[in-house]
Amino acid sequence: MPEGHTLFALARDLHEAFAGTTPEVTSPQGKFTEGAAELSGRELLRATSRGKHLLVEFADDRWLHVHLGLIGSFTVDSHEWTAEVPALGQVRLRLRTDQHVADLRGPNLCEVASPERVDAVLDGLGPDPLRPDADPDVAWARIHRSSRTVGELLMDQSVLAGVGNVYRSEVLFRHRLSPFTEGRRMRRASWRLVWDDLERLMPLGVATGRIVTVEDELLAVEAALGRGEVPHLTERSSYVYKRAGMPCLTCGSRVRTRVVAGRNLFWCGRCQRRH
Ligand SMILES: [Zn+2]
């Protein structure tokens, strides 16, 4: 499933391609014909994200609200010609100007939303570590009163917006935190370590288009970005995510997995004992 960094980069790409233009909006697949007609021919003012939600504002208080879900994708391409661009696959929504075309496929949710509906969506979401105005204390207020485990709470979008299964497993490992500590037993200092780390990790996910969590790689990516270079990324690596049964990179014991909050959590039982 796309995590918050994917949506953040998508909103940026849509904004760069379409803000200030009046795109033609269609539904080649036919499942969003009415909604597309309501948006088509209106100026696209801005595209933003909060957590895993994409919010695109059009003129006259119309918003496009998209959640990609597990398999959705939204591609943004430039084209310098005005001929037909074939709609490959099931394209729910297409935005098109003379320069750009963006195709949405397989979303969990695609709707035209009123400003009130957008407010309700935002009210239901916790702080997003990618947003500079996000307040980690809002999430902490929910975490430290909860009897649910940290592994569950990090996946709850009303607690924290944008973190998905990969960042959950990896950030807990990075701080040796047990995923099974109840929120009310988590130390505030531990929460700040998690939040501050997400504020470091997720922008690098936006910059590279990939989740990078292993410290050596992180340092290399940060150094490359600091020099204004494109980071060279080889194969994907992780501490525990999708490494069930393999030796922990730190202690050598087997990485474990269990379904928590509907997805496979990965952790090292020996390393991750802190609250
Ligand atoms: Zn270990």
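Worth saying up front: this structure is predicted, and the values here are computed from it rather than measured.

## Some points on the packing of aromatic side chains
Phase 1: Taken as a whole, this structure holds four aromatic pairs when the rule is applied.
Phase 2: Measuring from centroid to centroid gives 4.8 Å for Phe 180 and Trp 267, while their planes differ by 80 degrees, and the two rings are edge-to-face. Remark: Trp 267 occurs in strand E10 (residues 263-267) and Phe 180 occurs in the loop between helix H6 (165-174) and helix H7 (188-208); sequence separation between them is 87 residues.
Phase 3: For Trp 267, a relative accessible area of 5% translates into the label buried.
Phase 4: Centroid distance Trp 191 to Trp 195: 6.0 Å. Interplanar angle 50 degrees. Geometry classified as tilted. Taken together, the positions of Trp 191 and Trp 195, both in helix H7 and four residues apart, correspond to about one turn of that helix. We note that Trp 191, like Trp 195, is buried.

## Focus on the domain arrangement of the protein
Phase 1: Annotation of the protein at the domain level lists domain 1 (4-123) and domain 2 (136-267).
Phase 2: When each unit is reduced to the centre of its C-alpha atoms, the spacing between domain 1 and domain 2 is 29 Å.
Phase 3: Taken together, the contacts link eight residues of domain 1 with twelve residues of domain 2.
Phase 4: With both sides pooled, the region where domain 1 packs onto domain 2 buries about 720 Å², and carbon together with sulfur makes up 67% of that total.
Phase 5: At the junction of domain 1 and domain 2, the tally comes to zero salt bridges.
Phase 6: Linking domain 1 with domain 2 are one residue pair in polar contact (both at pLDDT 80 or more), by the criterion used here.
Phase 7: When the residues that make up the side of domain 1 that touches domain 2 are grouped by side-chain class, the tally is three nonpolar, three polar and two charged.

## Details of the coordination of the zinc ion
Phase 1: The protein atoms that coordinate the zinc ion are Cys 248 (SG), Cys 251 (SG), Cys 268 (SG) and Cys 271 (SG), at distances spanning 2.2 to 2.4 Å.
Phase 2: Coordination of the zinc ion draws on donor residues from a single chain, spaced C-x2-C-x16-C-x2-C in sequence.
Phase 3: Note on Cys 248: relative accessible area 4%, which makes it buried.

## Quick word on the packing of H6 against H7
Phase 1: At their nearest, the axes of H6 and H7 sit 10 Å apart, and the two run at 130 degrees to each other. On the basis of the axis angle, H6 is oblique to H7. The handedness of the crossing between H6 and H7 is right-handed. Across from Tyr 167, Val 171 and Arg 174 in H6, the residues of H7 making contact are Val 194, Asp 197, Leu 198, Arg 200, Leu 201, Met 202 and Gly 205.
Phase 2: Tallied by class, residues from the contact of H6 with H7 come to six nonpolar, one polar and three charged.

## Some details on helix H1 (residues 4-18)
Phase 1: Relative to the 21 Å expected for 15 residues at 1.5 Å per residue, H1 spans 21 Å between its end C-alpha atoms, a close match to the ideal helical length.
Phase 2: Listed as buried for H1 are Gly 4, His 5, Leu 7, Ala 9, Leu 10, Ala 11, Leu 14, Ala 17 and Phe 18.
Phase 3: Looking one or two places after H1, you find Gly 20, whose phi comes out positive at around 85 degrees.

## Side note on the UniProt feature "domain: FPG-type" (unreviewed entry) in the protein
Phase 1: The UniProt record annotates "domain: FPG-type" (unreviewed entry) at residues 239-273.
Phase 2: Taken end to end, residues 239-273 is 0% helix and 29% strand, and its first and last C-alpha atoms sit 16 Å apart.

## Let's talk about the pairing of E10
Phase 1: In this sheet, E10 lies alongside strand E9 (residues 256-260) in antiparallel orientation, the contact comprising five bridges. In the strand pairing of E10, Thr 257 is matched with Phe 266.
Phase 2: Counted along the chain from E9 to the antiparallel partner E10, the turn is two residues long, and its residue Ala 261 has a positive phi close to 60 degrees.

Calculation criteria
Residues numbered from 1 in each chain as written. Predicted model: local features only at pLDDT ≥ 70, side-chain atom pairs only at ≥ 80, totals over all residues. Heavy atoms only, no water. Phe/Tyr/Trp six-rings, centres within 6.5 Å; stacked < 30°, edge-to-face > 60°. Helix = DSSP H or I, 4+ residues; strand = E, 2+ residues; numbered from the N terminus. Buried < 20%, exposed > 50% of the residue type's maximum accessible area, 1.4 Å probe, protein only. Domains from an automatic or database assignment. Contact = heavy atoms within 4.5 Å. Buried area = accessible area lost by both parts, 1.4 Å probe. Salt bridge = Lys/Arg side-chain N within 4 Å of Asp/Glu carboxyl O. Polar contact = N/O pair within 3.5 Å; in protein donor to acceptor, adjacent residues only side chain to side chain. Nonpolar A, V, L, I, M, F, W, Y, C, P; charged D, E, K, R; others polar. Donors = N, O, S within 2.8 Å, 3.2 Å for Na, K, Ca; no water. Axes fitted to C-alpha atoms, helices over the stretch in contact; angles between N-to-C directions. Parallel < 35°, antiparallel > 145°, perpendicular 65-115°, else oblique. Left-handed = near helix turned anticlockwise from the far one by under 90°. Expected span 1.5 Å × (residues − 1). UniProt positions renumbered as here; feature names shortened; annotations may be inferred. Pairing = 2+ DSSP bridges.

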